Amino acid sequence: DPYLDLAPTNNGILAGLVSITAGCAVVDVGYAAFIGVIGGLLCNGFSALLLKFHIDDVVDASPVHFACGTWGTIAAGLFATPSNVKMSYDTGSCGLFYKCNGNGPKQFAANLVVALAVIAWAGGISIIMFSYSQEGQFITG
């Protein structure tokens, strides 16, 4: 029986939304669509990677939030326009692909540092939590 599985469609929509969240105030509409499409592709690729390594993620939360959230943070450091950053934050910064008094590389580096810090924090907390669990149940004694 052929059937329509809406989960990948829903995850693709969520992937696009998560991907553009970090940069929604500072990127132009065309780049927002591009960031969202890349997020959808990343979500599908990351989901396939999890299946290949036999990692269980029933609702594909990791591809949607980890892969696309990281991409969105990095993309904001690439595509932030000087005028949108000025209007939103009243600073002279911009993404790496724009000229704004040499601040593009600094903004991109800052976004990379934030992405890595979030990965380190979430990964570290996950390792601590899972190391104290056994077969899905937390050890109480």
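Conventions and cut-offs
Residues numbered from 1 in each chain as written. Predicted model: local features only at pLDDT ≥ 70, side-chain atom pairs only at ≥ 80, totals over all residues. Heavy atoms only, no water. Helix = DSSP H or I, 4+ residues; strand = E, 2+ residues; numbered from the N terminus. Rg over C-alpha atoms; globule rule 2.2 N^0.38 Å. Contact = heavy atoms within 4.5 Å. Areas by Shrake-Rupley, 256 points an atom, 1.4 Å probe, with all protein chains shown as cover. Lys, Arg positive; Asp, Glu negative; His and termini not counted. Charge placed at Lys NZ, Arg CZ, Asp CG, Glu CD. Disulfide = S-S within 2.5 Å. Buried < 20%, exposed > 50% of the residue type's maximum accessible area, 1.4 Å probe, protein only. Axes fitted to C-alpha atoms, helices over the stretch in contact; angles between N-to-C directions. Left-handed = near helix turned anticlockwise from the far one by under 90°. Nonpolar A, V, L, I, M, F, W, Y, C, P; charged D, E, K, R; others polar.

Participant: Please set out the overall build of the chain residue by residue, giving values where relevant.
Facilitator: Secondary structure summary: the chain contains 5 helices and 2 strands in total. Each helix and strand of the chain, placed in order from N terminus to C terminus, yields the pattern α-α-α-α-α-β-β. In terms of overall size, the chain is more extended than a compact globule, its C-alpha atoms giving a radius of gyration of 18 Å where 141 residues would be expected to give roughly 14 Å. Each of the three principal axes of the chain carries a C-alpha extent, and together these read 55 × 50 × 25 Å. Put simply, 51% of the contacts in the chain that link residues at least 6 apart link residues at least 24 apart. Counting only carbon and sulfur atoms, one obtains 69% of the accessible surface of the chain, whose full area is about 9,300 Å². Taken together, the 4 basic and 8 acidic charged side chains of the chain have centroids lying 28 Å from each other.

Participant: Talk me through the side chain of Ser-47; I want residue IDs and the actual numbers.
Facilitator: In this fold, Ser-47 is placed in helix 2 (residues 29-52). Once you skip the residues sitting within four places of it in the chain, Ser-47 turns out to touch Asp-60 and Pro-63.

Participant: How would you summarise the state of the cysteines if you had to cite specific residues and measurements?
Facilitator: Note: disulfide means a covalent bond formed between the sulfur atoms of two cysteine side chains. All told, the structure shown has 1 disulfide when counted by the stated rule. Bridging Cys-94 to Cys-100, the disulfide has an S-S length of 2.0 Å. Disulfide Cys-94 to Cys-100: torsion about the S-S bond roughly -85°, handedness left-handed. Comparing Cys-94 with Cys-100 shows no difference in burial state: the two are buried. Cysteine Cys-24 remains unbridged, with the sulfur of Cys-68 as its closest cysteine sulfur at 15 Å.

Participant: Talk me through the packing of helix 1 (residues 7-21) against helix 3 (residues 61-79); I want residue IDs and the actual numbers.
Facilitator: Contact geometry of helix 1 with helix 3 gives a least axis separation of 8 Å together with a crossing angle of 35°. Relative to helix 3, the crossing made by helix 1 is right-handed. Across from Asn-11, Leu-14, Ala-15, Val-18 and Ser-19 in helix 1, the residues of helix 3 making contact are Val-64, His-65, Cys-68, Gly-69, Trp-71 and Gly-72. In terms of residue class, the contact of helix 1 with helix 3 is built from 6 nonpolar, 5 polar and no charged.

Participant: Please set out unusual backbone geometry residue by residue, giving values where relevant.
Facilitator: Of note in this structure, Asp-60 is not a glycine but carries a positive phi near 55°. With respect to the helices and strands, Asp-60 occurs in the loop between helix 2 and helix 3. By relative accessible area, which is 18% here, Asp-60 ends up buried. A positive phi angle, close to 55°, is found at Asp-90, a residue other than glycine. Position of Asp-90 among the secondary structure elements: in the loop between helix 4 (82-89) and helix 5 (103-131). For Asp-90, a relative accessible area of 57% gives the class exposed.

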